[in-house]
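This is what each chain is made of:
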Amino acid sequence: MSERTGWIVRSTAGHDKGALFCVVGAQGELLLLLANGRQRKLSSPKRKKLGHVDVVSRGEFHHPAIRGLQEGAPVSDRALRRALAAFKEGFTLG
């Protein structure tokens, strides 16, 4: 696992600009593996450069699915979608 696993990021470049993703891993220092449970499943995460995302939460968001990713436990796409929806709801209200 990467120390960035569990971060929530917003894409700043590409066709998915503005979309929220969860970091599920990393390839080297500059590439992140992103998933959102809908277009990008945990089984086939999107590779994106670190410079093409804005970090919204560096692991401060406590949700069982995010915690499971950080601990290496199996997480479903549905749970990831719900975690990102809960984050988005709290982010826009707060």
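Residues numbered from 1 in each chain as written. Predicted model: local features only at pLDDT ≥ 70, side-chain atom pairs only at ≥ 80, totals over all residues. Heavy atoms only, no water.

Caption draft 1: Focus on the confidence of the model for the protein. Per-residue confidence for the protein gives a mean pLDDT of 92, with 95% of residues at or over 70. Within the protein, the element-level pLDDT minimum falls on helix α2 (residues 77-93), averaging 86, and the maximum on strand β3 (residues 31-35), averaging 97. (pLDDT = per-residue confidence, 0-100. Helix = DSSP H or I, 4+ residues; strand = E, 2+ residues; numbered from the N terminus.)

Caption draft 2: Spotlight on the side chain of N36. By the element assignment, N36 lies in the loop between β3 and β4 (46-49). Among the polar contacts made by the side chain of N36, one reaches the side chain of Q39 at a distance of 2.8 Å. Apart from residues lying up to four places away in sequence, N36 is in contact with L20, F21, L80, R81 and L84. (Polar contact = N/O pair within 3.5 Å; in protein donor to acceptor, adjacent residues only side chain to side chain. Contact = heavy atoms within 4.5 Å.)

Caption draft 3: View of the nonpolar core. The biggest cluster of nonpolar side chains holds 14 residues, and the ones touching the most others in it are I8, C22, V24, I66, L69, L80 and L84. At the level of secondary structure, the elements contributing two or more residues to this core comprise β2 (20-27), β3, α1 (64-71) and α2. Sort the elements by how many residues they give to this core and α2 lands first, with four residues. For I8, the residues in contact, after removing those within four places along its chain, are L20, F21, D54, V55, V56, S57, F61, L84 and F87. Of all hydrophobic cores here, the second largest spans seven residues; its members include W7, V9, L32 and L34. (Core = buried A, V, L, I, M, F, W, Y, C linked by side-chain atoms within 4.5 Å. Buried < 20%, exposed > 50% of the residue type's maximum accessible area, 1.4 Å probe, protein only.)

Caption draft 4: Region of the structure containing the side chain of R4. In this structure, R4 sits in the segment before β1 (8-11). For the buried R4, which has no salt bridge, the nearest side chain bearing the opposite charge is E29, at an N-O separation of 4.2 Å. Looking at R4, its side chain comes within polar contact range of the main-chain oxygen of E29, at 3.4 Å. Beyond its immediate sequence surroundings of up to four residues, R4 is in contact with V23, E29, L32 and L50. (Lys, Arg positive; Asp, Glu negative; His and termini not counted. Salt bridge = Lys/Arg side-chain N within 4 Å of Asp/Glu carboxyl O.)

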